[in-house]
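# Chain and residue survey
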Amino acid sequence: MGCLWRKTLSVFLGFVTIYLHEASSQEAAPAGPRKPFFERLRRLEEQFRRFQAVTLTHLQSVASNYNVSYNVDVRFRSLAEESQAVAQAVNQSQAVVQGELVQLKAWVRKLQRRSRKIDMRLRALDLALGERSQQQARERKAHEAQGDALQDSLARLEGLVHSQGARLAALEGWLPVAHPGITALGPALVPAPTQPGLLGPSSLKLQRDRQELQAACEHRGPRQDSSAPLQGTREPPGSGSHRVLNGTATAPKDPPRQAWSPRGPGEICGVGPTLVFPNASTKNVVFLSPGFVTALRAVSFCSWVRTASGHLGTLLSYATEDNDNKLVLHGRDSLLPGSIHFVIGDPAFRELPLQPLLDGQWHHICVIWTSTQGRYWLHVDRRLVATGSRFREGYEIPPGGSLVLGQEQDSVGGGFDSSEAFVGSMSGLAIWDRVLVPGEVANLAIGKEFPAGAILTLANAALAGGFVQRANCPCLEHCP
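In the annotation of an unreviewed UniProt entry, the chain is listed under the name Pentraxin 4 and assigned to Macaca mulatta. As its UniProt record puts it under Cofactor (unreviewed entry), the chain is described as follows: "Ca(2+)".

Next up, the structure:
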């Protein structure tokens, strides 16, 4: 724009120079030819005016173009600022969208893990229901077979009774004409030789009836035991008789024998600290530190447990970076009451029955597993209630994970769900890296001896907040 202005100015100065030169040459000329000079001057003046008008018009157009270019520059600058603002907004929105995508991916992974768990539980429930239906079908068939056998037995007994009734009727027909002094053939039914008149017809009929029944029973063989009492009848006890209670014969004169039972929960003392989980809050969590420092090919988990809700919840959860269910004793409100999943290396698990723990009382449980043949055992109050094999045979639980009590981890040290939380109390908890034998489990349950070699106890527990309480009770009956 400045270059055009300079060109115009240079053209204008050139015209002015030419005009002045012609004017000076005319003044130096003689006075005679002045008239043509004035004509030429007038024409030059007109040309100058036209040039001036053209120059002014050109300058005005240049000025308007300059204003337009200035406005264009201003608009360009505003557009550049707006584009920068839009770019910043786009970057911010991209960052927000990426953060939301990361969260969505995490939620998708979590939902996938939960869906896998739900699928496994559904398959386990389907398998259990199938096994139960098969067992019920077998029991139905067995009952039907027993019913058929009972009907056959009843039919045989009815035939025997009818035949004996016919024999009795025949005996009653010829007894009045028999000799009153005749004696029975059986040694146990021989009448006294003296006073033969005391043996009346009814006594003779009874004796012969007994002989006939005994002969018929011996002839039929051992299939019909006529001496056994029929079902639903009671036999009056004599002086030297025995009563049958639940299939066990006991003498009434001797005191009844009772099997030795473990001491009541209130009599178990000195089991150590107690952890109380009062509600299903996800903040109620206890960490066992330092966790598993070496790989485990066997593990024994024992604890006194008392539940305060309708389901067991999660007792133990061990998670690593590659798998959040390396070792879990997992229960939730969607499972069957008293059912708990024993998980080693998700998705492998076994469903353990712990219905006795739902009575709100203290119970001692031990869950034991070894990679040798994949054997596992569940002890409740010293009794073996479940066992199996080929469960994670040859597997090894890796070290370096997060070990949590009372919550189920969906990520290392987090991802808790209130529906999987434990509500109740734990006491005397301990973990071994070996298999406890039944004698050690029994001694531990009665408080007689603590097995050696425990790698973790409640002394390693660290409360992470929430409402979990730690109590030191002399005996379990005094614990909250």
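## Regarding unusual backbone geometry
Residue Pro290 is reached from Ser289 by a cis peptide bond, and omega for that bond is 15 degrees. Mapped onto the fold, Pro290 is located in the loop between strand S4 (286-288) and strand S5 (298-307). The omega torsion of the bond from Asp346 to Pro347 falls at 20 degrees, within 30 degrees of zero and hence cis. The phi dihedral of Gln373 is positive, around 60 degrees, even though this residue is not glycine. Mapped onto the elements of the fold, Gln373 is located in the loop between strand S10 (363-370) and strand S11 (376-380).

## Focus: the state of the cysteines
A complete count under the given rule lists three disulfides for this structure. The disulfide partner of Cys269 is Cys475, and the gap between their sulfur atoms is 1.8 Å. Every disulfide takes its handedness from the sign of the S-S torsion; for Cys269 and Cys475 that torsion is 90 degrees, giving right-handed. Of this pair, Cys269 sits in the loop between strand S2 (248-250) and strand S3 (274-277) while Cys475 sits in the segment after strand S17 (469-471), and the two are 206 residues apart along the sequence. Exposure remark for Cys269: the relative accessible area of 39% places this residue in the partly exposed category. The disulfide partner of Cys473 is Cys479, and the gap between their sulfur atoms is 2.5 Å.

## Describing the pattern of salt bridges
Counted under the stated rule, the structure contains 12 salt bridges. Note that Asp410 is salt-bridged to Lys117, the shortest N-O span being 3.0 Å. On the criterion of sequence distance, the pair formed by Asp410 in the loop between strand S13 (402-405) and strand S14 (424-432) and Lys117 in helix H2 (residues 34-174) is long-range, its members being 293 residues apart. Judged by relative accessible area, Asp410 falls into the buried class, the value being 3%.

## A short note on the pairing of S10
Within S10, eight of the eight residues are buried, which leaves the element mostly enclosed by the surrounding structure. Where S5 meets S10, eight bridges bridge the pair, whose relative direction is antiparallel. Each residue of the ladder has a partner; that of Ser300, found in S10, is Ile368. The pairing of S10 with S11 spans five bridges and is antiparallel. Looking at the pairing, Cys366 lines up with His379 of S11.

## Looking at the nonpolar core
Counting residues in hydrophobic clusters, the biggest one holds 41 residues, and the most contacted among them are Phe292, Leu327, Phe342, Trp369, Ile397 and Ile431. When near neighbours in sequence (up to four residues on either side) are disregarded, Phe342 contacts Leu327, Val328, Leu329, Ala348, Phe349, Arg350, Leu352, Val367, Trp369, Tyr376 and Phe391. If you look at the next biggest cluster of nonpolar residues, it comprises nine residues, including Cys302, Cys366, Trp377 and Leu444.

## Let's talk about the packing of aromatic side chains
The full count for this structure, using the stated rule, is six aromatic pairs. On the numbers, 5.8 Å between centres and 65 degrees between planes, the contact of Phe37 with Phe38 is edge-to-face. For Phe37, a relative accessible area of 14% gives the class buried. Residue classification places Phe38 among the partly exposed residues on the basis of a relative accessible area of 47%. An aromatic cluster is defined as three or more aromatic residues linked by ring pairs; in this entry it consists of Phe342, Tyr376 and Phe391.

## Brief notes about the side chain of Arg113
Inspection of the secondary structure puts Arg113 in helix H2. At 2.9 Å, the side chain of Arg113 forms a polar contact with the side chain of Asp324. Ignoring sequence-local partners within four residues, the contact set of Arg113 consists of Asp324 and Asp410.

Criteria and cut-off values
- Residues numbered from 1 in each chain as written.
- Predicted model: local features only at pLDDT ≥ 70, side-chain atom pairs only at ≥ 80, totals over all residues.
- Heavy atoms only, no water.
- UniProt positions renumbered as here; feature names shortened; annotations may be inferred.
- Helix = DSSP H or I, 4+ residues; strand = E, 2+ residues; numbered from the N terminus.
- Disulfide = S-S within 2.5 Å.
- Buried < 20%, exposed > 50% of the residue type's maximum accessible area, 1.4 Å probe, protein only.
- Salt bridge = Lys/Arg side-chain N within 4 Å of Asp/Glu carboxyl O.
- Pairing = 2+ DSSP bridges.
- Core = buried A, V, L, I, M, F, W, Y, C linked by side-chain atoms within 4.5 Å.
- Contact = heavy atoms within 4.5 Å.
- Phe/Tyr/Trp six-rings, centres within 6.5 Å; stacked < 30°, edge-to-face > 60°.
- Polar contact = N/O pair within 3.5 Å; in protein donor to acceptor, adjacent residues only side chain to side chain.

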